[in-house]
Amino acid sequence: MQKEKFQRKSSIFIKILLIFIIISLLPGIVSSFLIISTYEEIIHKYVPSSDIETIEKTTGEILSPLEKESLKKIDEELTLSRQNAKIQAILTLFLVAILSIFTSVLISRNLNRSLKKLVKGTEAISRGNLDFKIKIKPTDEIGELADYFNQMTQNLRETRNNLLTEKNRTGATITSLIDGLIMFDRESKIALVNPEAEVMFGIRAKNLIGKTLKELTHLSNLNKLSQLIERPVKRALFKKELFLKEPIERVLEITTTPVIDAEGANIGFIVVLHDITREKAIDKMKSEFISITAHQLRTPLSAIKWCFQMVIEGDLGEISKEQKEILQKGYLSNERMIKIVNDLLNVSRIEEGKFLYNLSLVSLEDIIKNSIKDLEHTIKEKHIGFTLLKPLTPLPNITVDSQKISLAFQNLLANAIQYTPKEGRVIVIVSMEKNKEKIEVIVKDTGVGIPKEQQKKIFTKFFRGDNAIRMQPEGSGMGLFLTKNIIERHGGKIWFESEEGKGSTFHFTLPIK
């Protein structure tokens, strides 16, 4: 409280007010001086003159020596009074003027000194010197302003230190990443390249910073990267593969994601480079192993199938009903094995790029009808309500590999039938999109559905949902992987909606060519 009172007493406004009060006395002093002059004129005019000769002439009488002496004294006293009044007024005016000037100079110098310190502090901070401190005692408003100014610089200093610490931590993290990382700003210029990315591309970061990929197309590796990256990067995440031949042969998985600030604005994007050379080599070895194994199994399985068929059809003699049922079960198990082997071979061919397509102009409706006919027995056996919905007018023929499209549709329909309980429903809808550029096929069931947490894996190799395994232990988990690859190789698209316990709906489209 005492400090606040002191500050109020020393307020700038009080100092300025004091100057005004002192200056305001000047008109009073000048007025007093003028009043004295006026009184003097009045005395001269209305007070009888004390001059002896004038009095003697006026009265016609000769004054006695005593009277003359008295009048002389009165005249001297009046003259002295007038002189004293003038001197006093002049001195007072002079003193007030001196006091006003002195006070004004003193306060002005004090204010000027404080303001110069504030200006100096502002200039220092504008140059980035956040350690500068303004030394003004907080005895008035400027002192309080300086105090707040120092507090502000301290907060800025702490914020700067925190940001530097965070920057160093982030920089250390980026530098330590085992994956390559390239950051682009909102103008698609390279803003950051970590050491691992330098190693992968064999290029120094200083030669890339501030340039766009278009400016670096003369570098073969970055030219390849430029062709893979979508611009502007809008999707939350996408992945592609990049094959490099130098400085050493590598296969990189390119992951690109936009950078969004706190206000939701796109301020650039990040490219993450993950070396999958080893994984690719392992996948290749697995594919070769699967291919060799499948080929080795295919011949004996075909022979076993032929033997089962001959015995069941009675070519080797009559067999009993019980024998036939047992042989029939063995024949079906062998058929499942052959299907698994064929799926393995198809997966191997897809991964090796040898999954050949024999394109021809065919009717998609005929392919679908033939596939339904192949599964008609299973549909009736499970008492499933089956419906095929198609346009009243025939759909145009499309250019596809009829065998591969038949395999893709059969996988979808077989899954719908297999994982739909008895008395359930399966609906197949064939239609043309409004723009008449694509044909859409929908396979909808009331089966077990796909667990939400496992839906992202549905099109991967060897994946089967937990509820599907409980319901049907047999299965390779390769059907949907093959279906997706077949549809996309034909320029189509496949997607689904599913809810566990209620069923699934798979869609795929094929372009009309």
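Residues numbered from 1 in each chain as written. Predicted model: local features only at pLDDT ≥ 70, side-chain atom pairs only at ≥ 80, totals over all residues. Heavy atoms only, no water.

Draft legend 1. Summary view of the packing of helix 10 (residues 364-374) against helix 12 (residues 402-418). It is the contact of helix 10 with helix 12, at a shortest axis distance of 9 Å, that shows an interaxial angle of 50°. In this view, helix 10 runs oblique relative to helix 12, as classed from their interaxial angle. At the point where helix 10 passes helix 12, the crossing takes the right-handed sense. Of the residues in helix 12, those touching helix 10 at Leu-364, Ile-367, Ile-368, Ser-371, Ile-372 and Asp-374 are Ser-402, Ile-405, Ser-406, Phe-409, Gln-410 and Leu-413. Taken together, the residues that form the contact of helix 10 with helix 12 break down as seven nonpolar, four polar and one charged. (Axes fitted to C-alpha atoms, helices over the stretch in contact; angles between N-to-C directions. Helix = DSSP H or I, 4+ residues; strand = E, 2+ residues; numbered from the N terminus. Parallel < 35°, antiparallel > 145°, perpendicular 65-115°, else oblique. Left-handed = near helix turned anticlockwise from the far one by under 90°. Contact = heavy atoms within 4.5 Å. Nonpolar A, V, L, I, M, F, W, Y, C, P; charged D, E, K, R; others polar.)

Draft legend 2. Structural detail: the packing of aromatic side chains. According to the stated counting rule, one finds four aromatic pairs in the structure shown. Between the aromatic rings of Phe-184 and Phe-269, the centroid separation amounts to 4.5 Å while the plane-to-plane angle is 10°, which identifies the pairing as stacked. Here the residue Phe-184 occupies a position in strand 1 (residues 180-185), and Phe-269 occupies one in strand 5 (residues 266-275), the gap between them amounting to 85 residues. For the pair shown, Phe-184 and Phe-269 are each scored as buried. (Phe/Tyr/Trp six-rings, centres within 6.5 Å; stacked < 30°, edge-to-face > 60°. Buried < 20%, exposed > 50% of the residue type's maximum accessible area, 1.4 Å probe, protein only.)

Draft legend 3. Main features of unusual backbone geometry. Residue Pro-247 is bonded to the preceding Glu-246 through a cis peptide linkage, with omega at 0°. With respect to the helices and strands, the residue Pro-247 is situated in the loop between strand 3 (238-244) and strand 4 (250-260). For His-383, which is not glycine, the phi dihedral falls at a positive 55°. Here His-383 shows up in the loop between helix 11 (376-381) and strand 7 (385-389). For His-383, a relative accessible area of 51% gives the class exposed. Located in the positive-phi region is Glu-423, a residue other than glycine, with phi close to 70°. Looking at where Glu-423 falls in the secondary structure, it is placed in the loop between helix 12 and strand 9 (425-432).

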